[in-house]
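Each chain, written out:
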Amino acid sequence: MNNLTSLIRKARDGSSASAPKGKLLNIEALGPSTRSTLPVRARSEEEEVHHALFEAGLYLARQDAWATLGARIREADAARALTPGGVPEAEILAEGARADAVTAAGRAVTAGDELGAASIMNDMQLVLEETPQDHGVAYVVAMAHVDIGWAWRGEGWRQDIPAAHRAAFFRHFRSAADLIDPYDPFELDSPMLASVRCALLAAETQPRSRASDDYEDLIDLAPGVSKFMRALGNHMLPRWFGSYERLDHEARRTMERTTDVWGKGGYAWTYFDALNVDNEAFALLDADLFCAGLKDILDRCGDQHVVNTFAAFTGSALEPDGVNREARDRIADCFDWIVTEHLREIHPRIWYAAKGVWASRLEDPDRLAKGRQRATAALDRHARGLPPVTAPRRPDA
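What counts, and where the lines are drawn
Residues numbered from 1 in each chain as written. Predicted model: local features only at pLDDT ≥ 70, side-chain atom pairs only at ≥ 80, totals over all residues. Heavy atoms only, no water. Helix = DSSP H or I, 4+ residues; strand = E, 2+ residues; numbered from the N terminus. Buried < 20%, exposed > 50% of the residue type's maximum accessible area, 1.4 Å probe, protein only. Contact = heavy atoms within 4.5 Å. Salt bridge = Lys/Arg side-chain N within 4 Å of Asp/Glu carboxyl O. Core = buried A, V, L, I, M, F, W, Y, C linked by side-chain atoms within 4.5 Å. Phe/Tyr/Trp six-rings, centres within 6.5 Å; stacked < 30°, edge-to-face > 60°. Axes fitted to C-alpha atoms, helices over the stretch in contact; angles between N-to-C directions. Parallel < 35°, antiparallel > 145°, perpendicular 65-115°, else oblique. pLDDT = per-residue confidence, 0-100. Expected span 1.5 Å × (residues − 1). Arc of directions from axis to C-beta.

Caption draft 1: Here's a closer look at the overall build of the protein. Secondary structure assignment for the protein yields 20 helices and two strands. A burial count over the protein gives 49% of its 397 residues as buried. In the protein, 67% of the contacts between residues at least 6 apart in sequence involve partners at least 24 apart.

Pasting the structure below:
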């Protein structure tokens, strides 16, 4: 069965490729091999595919076609089907399938209505009776519990969370574990089941002793999925289940285990999200190895979603000052070859999101405008031969 990614690609290939949609960004003198104009895509191929998969999951759930939905999710999981940017299709289908329940339960959480939220999930669990032994449907319901558990907990420090909210968080996570425990990820060859176990680490009493092993299982099942390596790096930060030493150790281990897929890219993937959220994560970073990893990734995965992600980080989001300035300088230098050799279109939402929560309340048109502004500014500096704003100021500057 053709997956939605291939169907959308066929549709795009059948259209006129000579006149890309979206505004054109005028960029002069980017280099001898770079085109003078780059299309700005208000909606990238990655976003189109993600939307189509989400809507497919939502539609099948609303039609109560749970057997069909479970089969679609299991097939995508078994095939390791990915979007152009590398996100598992099974994950997005399941996200759409639980969207209505999570939204409704989220409203109940906001109102402090624990019985209302529980009732919604009790109704959702009835679909398991219609689809016994279907781990695709079990995955949907388990992840709904995870989402609602986090809605109860929130993002604050543990001591600041009301006791009733914490109790609800743990109850939902236990329910998710009960749904997934009967299924063995290796026997079923199912990365999505292994990913739930990693998601449940937040409710474990001793997560530090399990985190490395759980993520090793997950990445071994799906070494081509960069999202799992990025999640590992984030969870190895001191704020979660690790330390900066463990972060570097796991990055090197992951690189060694995924060399046949990513070259040195496993090191870069594991560090990437950690560097974005924790300025101290640069402390032990091997900049040469990280930059070599970026090159190996783009040599193997030239999708423009990934290219824009790295361009936005190296040319706009990277903090120039902090620990290990030499590493920051080396990473900022990568902006030149990423733009010259790989960047072929601009994805404004990526450039907007690269700087985190600075303007999280902006409406989508404003986010697009802000992302386009950041990309334009970075590429204009590059065109004029100036270092990116992410480069530490040199003493002789």
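From this point, the discussion proceeds with the structure in view.
Caption draft 2: Seen up close, the pattern of salt bridges. Overall, the coordinates contain 21 salt bridges when judged by the stated rule. As a salt-bridge pair, E345 and R41 come within 3.0 Å of each other at their nearest N and O atoms. One end of the pair, E345, is in the loop between α18 (325-341) and α19 (348-353); the other, R41, is in the loop between β2 (37-39) and α2 (45-62), with 304 residues separating them in the sequence. Each member of the pair, E345 together with R41, is buried. Between D214 and R210 there is a salt bridge; the shortest N-O distance is 2.8 Å. Linking D214 with R210, this pair stays in helix α11 (residues 207-221), spanning four residues, or about one helical turn. When its relative accessible area of 11% is taken as the criterion, D214 is described as buried. Within the structure, one salt-bridge network assembled from shared partners comprises E47, R349 and D364.

Caption draft 3: Molecular detail of the side chain of H145. With respect to the helices and strands, the residue H145 is situated in helix α8 (residues 135-153). For H145, the contacting residues outside a window of four places in its chain are M121, Q125, H172, S175, A176 and L179.

Caption draft 4: Region of the structure containing unusual backbone geometry. Positive phi, normally seen in glycine, also occurs at D189, with a value near 50 degrees. Checked against the element boundaries, D189 lands in the loop between α9 (163-180) and α10 (191-199). For D189, a relative accessible area of 36% puts it in the partly exposed group. A positive phi angle, near 60 degrees, is found at N324, a position not held by glycine. The topology assignment puts N324 in the loop between α17 (304-317) and α18.

Caption draft 5: Region of interest: the nonpolar core. Counting 64 residues, the largest nonpolar core has L285, F290 and F310 as the members making the most contacts within it. Tallying contributions element by element places α18 first for this core, with eight residues. What F290 contacts, discounting residues up to four positions off in sequence, is Y267, A268, Y271, F272, L275, L285, F313 and I331. Formed by 50 residues, the second largest nonpolar core is a distinct cluster that contains A81, V141, V146 and I180.

Caption draft 6: Quick look at the packing of aromatic side chains. Tallied over the entire structure, the rule returns 11 aromatic pairs. Centre to centre, the rings of W240 and F241 are 5.6 Å apart; their planes meet at 65 degrees, and the pair counts as edge-to-face. Under the relative-accessibility criterion, W240 is labelled partly exposed at 28%. The buried category is assigned to F241, whose relative accessible area is 5%.

Caption draft 7: Broad picture of helix α12 (residues 226-235). Within α12, seven of the 10 residues are buried, which leaves the element mostly enclosed by the surrounding structure. For α12, the complete set of buried residues consists of S226, F228, M229, L232, G233, N234 and H235.

Caption draft 8: Focus on the packing of α18 against helix α20 (residues 364-383). One can describe the packing of α18 onto α20 by two numbers: an axis separation of 11 Å at closest approach and a directional angle of 95 degrees. Here α18 is positioned roughly perpendicular relative to α20, judged by the angle of their axes. Of the residues in α20, those touching α18 at F335, D336, V339 and T340 are A378, L379 and H382.

Caption draft 9: Inspection of the environment of Y267 at higher detail. Inspection of the secondary structure assignment puts Y267 in helix α15 (residues 265-277). For Y267, a relative accessible area of 0% puts it in the buried group. Between the C-alpha atoms of Y267 and T254, which are 13 residues apart in sequence, the distance is 6.6 Å. If we ignore the near neighbours within four places in the chain, the residues touching Y267 are D248, A251, R252, M255, L284, L285, D286, L289 and F290.

Caption draft 10: How the structure looks around the confidence of the model for the protein. Chain-level pLDDT for the protein is 89 on average; 87% of the residues reach the 70-or-more range. In this model residues 1-36 is a low-confidence stretch, pLDDT under 50, and it forms 62 contacts with partners more than four residues away in sequence or in other chains.

Caption draft 11: How the structure looks around helix α13 (residues 244-257). A rise of 1.5 Å per residue sets the reference length of α13, with its 14 residues, at 20 Å; its end C-alpha atoms lie 20 Å apart and thus fit the reference within 8%. Among the residues making up α13, those that are buried are L247, D248, E250, A251, T254 and M255. Buried residues of α13, seen end-on, are gathered within an arc of 165 degrees and therefore sit on one face of the element. In α13, the exposed positions that point more than 90 degrees away from the buried face belong to E245 and E256. Buried residues along α13 sit in contact with α11, α12, α14 (259-262), α15 and α16 (287-300).

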